[in-house]
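One-letter residues, chain by chain:
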Amino acid sequence: MIKEIGAGLALGLMAGLFIMGFNVYPLLLLVGLFFLLTRVVDIKGSVRQFVPISNSKAKGGISFDDIGGQNSAKRELLEALDFLRIPEKISSLGIRPLKGILLVGPPGTGKTLLAKAAAYYTDSLFLSAAGSEFIEMYAGVGAQRIRQLFKQARSGGKSSNKKSAIIFIDEIDILGARRGSGSNSHLEHEQTLNQLLVEMDGLGVGDETRVLLIGATNRADLLDSALLRPGRFDRIVQVDLPDQEGRLQILRLHTRNKPLAADVQLKNIAKETFGFSGAHLESLANEAAIVALREKKKLLENKHFSEAIDKVIMGEKIDRKPGREEFFRIAIHETGHAIVSECIRSCSVSTITIIPRGKAMGYIRQTPAEDSYISTRSNIEEQIAILLGGAISEEEILGNRSTGATADFQQAIELAKKIVSAGMSSLGIVSTDDLPNGVLHKNLKEILDGQEKRVRDIILKYRGIIENVANYLLEKEKISGACLRNILEKYEQKKQQKVC
Ligand code: ATP
């Protein structure tokens, strides 16, 4: 308040002097410098208060039961948390106290939830901060905040009658990045990291409030080795994308409070959402409810979930409306992808649509038969064939290709490179970087040409039906894989009858 009054008076004085004809510029410069100086002192002197997050049993906080999947992460974490729960037993066996647990995994997989559940399970005070909160321009501020955080954990534990406290630092790679690397060689960064190491070293089993640090990161490879050495982050817990069973559990958790129609099969949705994180699945359940609300339905139906999957994968529908001719081309392109997919991987198409979303003017969504984490050469070749299906369908039906296939080709080339670099091409085991000029290109072309021929044969076989499916797609904008399979089956039967 005093500062504001002072600033007002100074401005008024200067305006007065300026009107009276005085040169106020040197004065203005001095006042500017003064304010800059007070700002620096302010920032350096500021003490950041970290507000404890209530996650107690009494207030219905998040427990391990509220986290779907992640069974191995939960198992490892539970074991490590015994240090907080039964310290007497730990010390009777002469076990060194655990100071830090590092949760490593892709975004949205539940690392924050696990840290909160750890506080719930151990009935600890929970203090949360992000790595970026410790990065300031001024040397010493980050270190001071680290000191403050640990101090608050100890004193907060005492004042709230908790025997233990958990400090959770999300994106710990921001403050714990390797020293001397690139932009992080800054003195401020080193001081902050050193302070964190000092605080971790100071944690002991005999402390009145036992403090455990839980860090979370997507990039453990960036962390300074001093942080990762035994005695600091003793446990590194991998928090991966959920498998099919995990996805089902997460979907069950996030649809607990939503009325589902009888046609909703969460098992099928879990199957269709390979690669989704817990955060994606939470968003999917939420989006499905929003679609149902928009349609003024009282129950969430299967079609609402299908629409929500498209939205989570491809983004919101966009208003781009191409002309009829271009729309027809898009329909021919997508039908080509879908027919090739059905021919080489039976029952693989889940949806074909020409509703533009995100950057795509249309797309097909596939249902993987089961989760898979590695690929054989023939798996990759199948993917390449499906990608080429769009352009070859355009070429065979409309007489030429369009730029709509550019992204498909780029992906197909990347996949072909994968075959070479994994030693699955005719070149054997090679380093793609050391191949002589033109050899890689020749090999990629061989792989792609082989698939182009395979795809052309499929497209020519179904040439008589592609236009019909495309017209139907134009009318409906979106058709299901089951509907496509029905059309293809009838077409095959008709052809058989003609032959007979
Ligand atoms: P980031 O690395 O981006 O910080 P994170 O791994 O910490 O992400 P969380 O913040 O724990 O992810 O999860 C985000 C949201 O996703 C949660 O609030 C929850 O709704 C949902 N979620 C993620 N994983 C799970 C899970 N295993 N079970 C239930 N919900 C989950």
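This structure is a prediction, so every number in the text was calculated from the model and none was measured.

S.K.: Quick question: what am I supposed to make of the overall build of the chain here?
M.R.: Per the secondary structure count, the chain includes 19 helices and eight strands. If you sum the accessible surface of the chain, you get close to 26,300 Å²; carbon and sulfur atoms cover 55% of it.

S.K.: Looking at this structure, how should I read the environment of aspartate 65?
M.R.: Along the chain, the position of aspartate 65 falls in the loop between helix 2 (25–45) and helix 3 (71–85). Residues aspartate 65 and alanine 117, 52 residues apart in the sequence, show an inter-C-alpha distance of 8.6 Å.

S.K.: Would you mind showing me how to read the site of the ligand here?
M.R.: Inspection of the region around the ligand gives 17 residues, with Gly68, Gly108, Lys111, Thr112 and His254 positioned closest. A distance of 2.9 Å separates an oxygen atom of the ligand from a polar atom in the side chain of lysine 111. Contact between the ligand and aspartate 170: an oxygen atom at 3.2 Å from a side-chain N or O atom of the residue. If you list the elements that add at least two residues to the shell around the ligand, you get helix 5 (111–122), helix 10 (244–254) and helix 12 (278–294).

S.K.: How should the nonpolar core be read in this particular structure?
M.R.: As a rule of thumb, soluble globular proteins bury nonpolar side chains together. The biggest cluster of nonpolar side chains holds 46 residues, and the ones touching the most others in it are Ile339, Val340, Ile352, Ile384, Tyr462 and Leu484. Elements supplying a minimum of two residues to this core: helix 14 (324–344), strand 6 (349–353), helix 15 (377–398), helix 16 (406–421), helix 17 (439–461), helix 18 (463–476) and helix 19 (481–499). A total of nine residues in this core trace back to one element, the largest contributor, which is helix 14. Residues contacting leucine 484, with those up to four places away along its chain left out, are Ala338, Ile339, Glu342, Val349, Ile352 and Val469. Counting residues in hydrophobic clusters, the runner-up holds 26 residues, among them Ile169, Leu193, Met200 and Leu203.

S.K.: Mind showing me how you'd approach helix 10 here?
M.R.: Because each turn of an α-helix spans 3.6 residues, side chains separated by three or four positions in sequence point in the same direction. Within the span of helix 10, buried status applies to Gly246, Arg247, Leu248, Ile250, Leu251 and Leu253. Against the buried residues of helix 10 lie helix 11 (266–272) and helix 12.

S.K.: Mind showing me how you'd approach unusual backbone geometry here?
M.R.: We note that aspartate 123 has phi near 50°; this positive angle belongs to a residue other than glycine. Position of aspartate 123 among the secondary structure elements: in the loop between helix 5 and strand 2 (125–130). Not every positive phi belongs to a glycine, and lysine 296 is a case in point at roughly 55°. Following the sequence through the fold, lysine 296 ends up in the loop between helix 12 and helix 13 (302–314).

S.K.: Please clarify how the sheet that holds strand 7 (residues 363–366) should be interpreted in this entry.
M.R.: By definition, the strands of a sheet pair up through backbone hydrogen bonds, in either a parallel or an antiparallel sense. The antiparallel open sheet is built from three strands, whose spatial order is 7-6-8. The open sheet is flanked by strand 7 and strand 8 (478–480), the only strands paired with a single partner. Taking the axes of each pair of neighbouring strands and ignoring which way they run, one obtains an average angle of 15° across the sheet. Where strand 6 meets strand 8, three bridges bridge the pair, whose relative direction is antiparallel. Note that in strand 8 the partner of isoleucine 352 across the bridge is isoleucine 479.

S.K.: Is there a simple way to explain the sheet that holds strand 3 (residues 164–170) in this structure?
M.R.: One open sheet accounts for five strands, arranged 2-3-4-1-5; its pairing is parallel. The two strands at the open ends of the sheet, each matched to only one other strand, are strand 2 and strand 5 (233–238). Taking each pair of neighbouring strands and ignoring which way they run, the sheet shows an average axis angle of 20°. Direction of pairing for strand 1 (residues 100–104) relative to strand 5: parallel, over a ladder of five bridges. In the strand pairing of strand 5, valine 104 is matched with glutamine 238. Of the strands in this sheet, strand 1, strand 2, strand 3 and strand 4 (210–217) touch helix 5, which is tilted by about 175° from strand 3.

S.K.: Please clarify how the packing of helix 10 against helix 12 should be interpreted in this entry.
M.R.: The packing of two helices is summarised by the inter-axis angle and the distance between the axes. At a minimum axis distance of 9 Å, the contact between helix 10 and helix 12 shows a crossing angle of 40°. By the angle between their directions, the pair helix 10 and helix 12 is classed as oblique. Seen from above, helix 10 lies across helix 12 with right-handed handedness. On the side of helix 10, the interface is formed by Arg247, Ile250, Leu251 and His254, while helix 12 contributes Gly278, Leu281, Glu282, Leu284 and Ala285.

Conventions we followed
- Residues numbered from 1 in each chain as written.
- Predicted model: local features only at pLDDT ≥ 70, side-chain atom pairs only at ≥ 80, totals over all residues.
- Heavy atoms only, no water.
- Helix = DSSP H or I, 4+ residues; strand = E, 2+ residues; numbered from the N terminus.
- Areas by Shrake-Rupley, 256 points an atom, 1.4 Å probe, with all protein chains shown as cover.
- Near = heavy atom within 4 Å.
- Polar contact = N/O pair within 3.5 Å; in protein donor to acceptor, adjacent residues only side chain to side chain.
- Core = buried A, V, L, I, M, F, W, Y, C linked by side-chain atoms within 4.5 Å.
- Buried < 20%, exposed > 50% of the residue type's maximum accessible area, 1.4 Å probe, protein only.
- Contact = heavy atoms within 4.5 Å.
- Pairing = 2+ DSSP bridges.
- Axes fitted to C-alpha atoms, helices over the stretch in contact; angles between N-to-C directions.
- Parallel < 35°, antiparallel > 145°, perpendicular 65-115°, else oblique.
- Left-handed = near helix turned anticlockwise from the far one by under 90°.

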